[in-house]
Structures are given as structure tokens and as C-alpha cells.
Amino acid sequence: MTTVLDGDAVASDIRDSLTDSIDTLTTAGVTPGLATVLMSTDPSSETYVSMKQRDCEEVGINGIHVEIDADAPATELYETIEDLNDDPAVHGILVQLPVPEHVDERRVVRSIDPEKDVDGFHPENVGRLVRGQPRFKPCTPHGVQKLLDAAGVDPDGKEVVIVGRSEIVGKPLANLLMQKAPDGNATVTVCHSHTADLAAKTRAADIVIAAAGVPELIDGSMLSEGATVIDVGVNSVDADTEKGYELVGDVDFESATEKASVITPVPGGVGPMTRAMLLYNTVKAASAQTGVEIEL
Ligand code: NDP
């Protein structure tokens, strides 16, 4: 019997659990504020940002949206970040990536005040995460941890294989899961495009986390019986649908379901969790910056 994890439901529980903290903050005169900055004409980036703003509105976070023309000089973005760093009503800053080519993405990430870096990408926050003292856990890895928790899958002592070594998913997730408890103590193997015999690695794993961006890279033959499978991938492939495409994960859901004990769908698995954890980090940032104590 395979459990298909409902990421929408788990994310909704997380949003509900933030309500008390947001009430405590607002009663103390603090409305948590999240600034989203968009410098792109990419339709997916526009959609992601508008969803994040809608999420804010739903839970009572003040969403501040700044849009910068994709052709504007890079300095406009750097100055916007400085202004948001100085604005006490803004507790979290998210610059939607990727930024246009003429903008230095690393400078963007470094420019955000680490205390407002709710994505957790600033080098200072990456360093803290690696040391096992995260200020903000990056949203997607944190969402994966929460999904495992919701499924009652404790990574302690388990063999975890992560497929993908990106700065935003694979690496921070590997760091989180290999830390000492809570939520860690796993033995983690990180695979990438140069890994020899990927199937041998995934077959040896209790938990497989796919974050490669390759449609249906992992199929049932690559899994051990009873594995937990978390599919981070979101890939658009041509399909005979109204829109002409559909979204698929990095896992071939049908064959994987025959082997897995727990699996996440795409869409409706990790995606909603990423958004929920952004709200979580914003609330945490508001508390840390104002000294209003909350329970998270
Ligand atoms: P990146 O492109 O930054 O990284 C992909 C990683 O996968 C790289 O490390 C790459 O290896 C590895 N890889 C690629 N092909 C293979 C292969 N055939 N075998 C083994 N490893 C491979 O991607 P991201 O981490 O940004 O995103 C990964 C996926 O997750 C995407 O589909 C993205 O859309 C999705 N995503 C979903 C989120 C959500 O909220 N659901 C959030 C963020 C991302 P190498 O380093 O050698 O190139």
C-alpha cells in the first residue's frame, strides 16, 4: 500500500499553525512584511511571485511587491534592495531568481540583509546552515523535511540519496539531513550528472529525493521495495492538453508507486510546501527583528 503525500494539505496545516504567531505579532503592533522583487518578464517567475503575494494576503502578512523593468540598469535592483534592507516594515526580502543576465546574481544574494534573507541563500546564512545553526532553512529543503515528518518518516539512521546538487535544493537539503537530530542523522549521498550508475545508488536508498530537473528520470526499477520517494522536480513537457503542456516530476509516478511506500505527486507535493515555508521564515524574521516572542 503506497501513501501519496498531499503537499497541499500539509502546507495548509503549516499556514494554519502560523496564525497564532501572526496574531501575537500583530497584537504587539508588528505586521510581518515580505517584499518580493521581480526583475524579469518570464511568465513562470511572474506566476511564482503573484502566488507568493496571494499566500501573504491569506495569512495576514503584509506583501510588498516591487517590479523593476527587466531592461533597467542593475543598479536599480541593488538600490531597491538597499532601501528594503533599511525599511523596518519589511522583515523578509525575496528577489525572484533568475535575474537578467546583465545583473550580478551573486551580488544580489549578498546584498540582502542576512536577517531579512528569508530564502536562506546569503553566504552568511549558508555558513550557519552548514554549521548546524541555521537562521533560515531554505524553503524547499525545509518543506521536504516537513513532508517527511508529516509522513512519519524519520531520516535518523536512514540511507538518503539526493539526486541534484544545486545551491537551492540538493546541497542545503543534504546539509540539513546529515546534521545531528532533530530531523537529521541520515547518511546522505548526493548524486549529480557525473554520478556513475545512478540506479545503483537510488536502489540502495531508504529515501530518494529527486531534484534534477529531468522529467521522469527515476522510475520504479531504480527503487528499493518500500522506499520513500520525494519528487522536487517540476518539468513542463509537451502534452495533448488545453495549454499544450503538462507538469511532470523527476520521478515516473506510475512505476515508482508500485515500489514506494510513500511518494509525493507533482504537482501538489513539494511545491506548496516551498511556499508555506517562505511564510514561516517571514514570520520568524519578523519575530527576530522586533523581539516579539512567538512559538513556531
Ligand atoms: P539545477 O538545474 O540547479 O540542478 C539540477 C541538478 O541535477 C544538478 O546538480 C545536476 O547535476 C543534476 N542532474 C541533472 N541531470 C541529471 C542526471 N541525468 N542524473 C543525475 N543528476 C542530474 O536545478 P534545481 O535544483 O534548481 O531544480 C531541480 C528541479 O526542482 C527542477 O525541476 C526545478 O523546477 C524543481 N524545483 C522545484 C521546487 C519546488 O518548490 N517544487 C523548488 C526548486 C526547484 P550537475 O550539477 O552535474 O549539473
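Worth saying up front: this structure is predicted, and the values here are computed from it rather than measured. (Residues numbered from 1 in each chain as written. Predicted model: local features only at pLDDT ≥ 70, side-chain atom pairs only at ≥ 80, totals over all residues.)

Enquirer: Please explain the site of the ligand as it appears in this structure.
Expert: The ligand sits among 26 residues. The nearest are G164, S166, S193, G213 and T274. The dominant element in the shell around the ligand, judged by the number of residues it contributes, is helix α10 (residues 270-290), at 3 residues. For the shell around the ligand, the per-class residue count stands at 12 nonpolar, 13 polar and 1 charged. (Near = placed C-beta within 6 Å. Helix = DSSP H or I, 4+ residues; strand = E, 2+ residues; numbered from the N terminus. Nonpolar A, V, L, I, M, F, W, Y, C, P; charged D, E, K, R; others polar.)

Enquirer: What's the story with the domain arrangement of the protein chain in this structure? I'm lost.
Expert: The parts lose accessible area when they come together, and the size of an interface is often stated as this lost area. With domains assigned, the protein chain is organised as domain 1 (30-114) and domain 2 (139-270). The C-alpha-based centres of domain 1 and domain 2 are spaced at 28 Å. (Domains from an automatic or database assignment.)

Enquirer: Even after reading the chapter, I still don't get the sheet that holds strand β11 (residues 262-263), so can you show me in this structure?
Expert: Sheet strands line up and pair through hydrogen bonds in the backbone, either parallel or antiparallel. One open sheet accounts for 6 strands, arranged β1-β11-β8-β7-β5-β6; its pairing is parallel. In this open sheet, the two strands that pair with only one neighbour each are β1 (3-4) and β6 (187-191). Alignment of strand β5 (residues 159-163) against β6, held across 5 bridges, turns out to be parallel. Note on β6: the bridge partner recorded for V163 is C191. Helix α7 (residues 170-178) rests against β5, β6 and β7 (207-210) of the sheet, and its axis sits at about 170° to β6. (Pairing = 2+ DSSP bridges. Contact = placed C-beta atoms within 7 Å. Axes fitted to C-alpha atoms, helices over the stretch in contact; angles between N-to-C directions.)

Enquirer: Explain the UniProt feature "domain: Tetrahydrofolate dehydrogenase/cyclohydrolase catalytic" (unreviewed entry) in the protein chain to me, please; I cannot follow it from the model alone.
Expert: In the UniProt entry, the feature "domain: Tetrahydrofolate dehydrogenase/cyclohydrolase catalytic" (unreviewed entry) is given for residues 5-119. Along residues 5-119 the backbone is 50% helical and 14% strand, and the end-to-end C-alpha distance reaches 24 Å. (UniProt positions renumbered as here; feature names shortened; annotations may be inferred.)

Enquirer: Sorry, what's going on with helix α6 (residues 139-150) here?
Expert: The α-helix winds at 3.6 residues per turn, so residues separated by three or four positions along the chain end up facing the same way. Taking 1.5 Å per residue, 12 residues should reach 16 Å; α6 reaches 16 Å between its end C-alpha atoms and fits that length. Packed against the buried residues of α6 are α1 (7-27), α7, β7, β8 (228-231) and α10. Immediately downstream of α6, the backbone of G152 shows phi near 70°, a positive value. (Expected span 1.5 Å × (residues − 1).)

Enquirer: Sorry if this is basic, but what is going on with unusual backbone geometry here?
Expert: Only a minority of non-glycine residues have a phi that is not negative, and only a minority of peptide bonds are not trans. Here L97 and P98 are connected by a cis peptide whose omega angle stands at 0°. With respect to the secondary-structure elements, P98 resides in the loop between β4 (92-95) and α4 (105-111). Unlike most non-glycine residues, N185 shows phi in positive territory, near 65°. If you trace the backbone, N185 turns up in the loop between α7 and β6. N185 sits in the partly exposed class, given 15 other C-beta atoms within 10 Å. (Buried ≥ 20, exposed ≤ 12 C-beta atoms within 10 Å, placed from the backbone.)

Enquirer: Quick question: what am I supposed to make of the sheet that holds strand β2 (residues 33-38) here?
Expert: Judged by pairing direction, the sheet is parallel, and its 3 strands sit side by side in the order β3-β2-β4 without closing on themselves. Lying at the two open borders of the sheet, with one neighbouring strand each, are β3 (62-67) and β4. Mean inter-strand twist for the sheet, computed between neighbouring axes without regard to direction, equals 20°. Pairing of β2 with β3, which is carried by 6 bridges, proceeds in the parallel orientation. Looking across to β3, one finds that A35 is bridged to I64. Each of β2, β3 and β4 touches helix α2 (residues 43-59); the most contacted strand, β2, lies at about 170° to it.

Enquirer: Would you take a moment to explain the packing of α6 against α10 for this structure?
Expert: When two helices pack together, their arrangement is given by the angle between the helix axes and the distance between those axes. Where α6 meets α10, the closest approach of the two axes is 8 Å, and the angle between their N-to-C directions is 110°. In terms of their interaxial angle, α6 and α10 are classed as roughly perpendicular. Contacts between α6 and α10 involve C139, T140, H142, G143, V144, K146 and L147 from the former and V270, M273, T274, A276, M277, L278 and N281 from the latter. Considering only residue class, the contact of α6 with α10 consists of 8 nonpolar, 5 polar and 1 charged. (Parallel < 35°, antiparallel > 145°, perpendicular 65-115°, else oblique.)

Enquirer: Can you help me understand the environment of K259 in this one?
Expert: Its place among the elements puts K259 in helix α9 (residues 253-259). A C-alpha to C-alpha distance of 6.0 Å links K259 and G220, two positions 39 residues apart in sequence.

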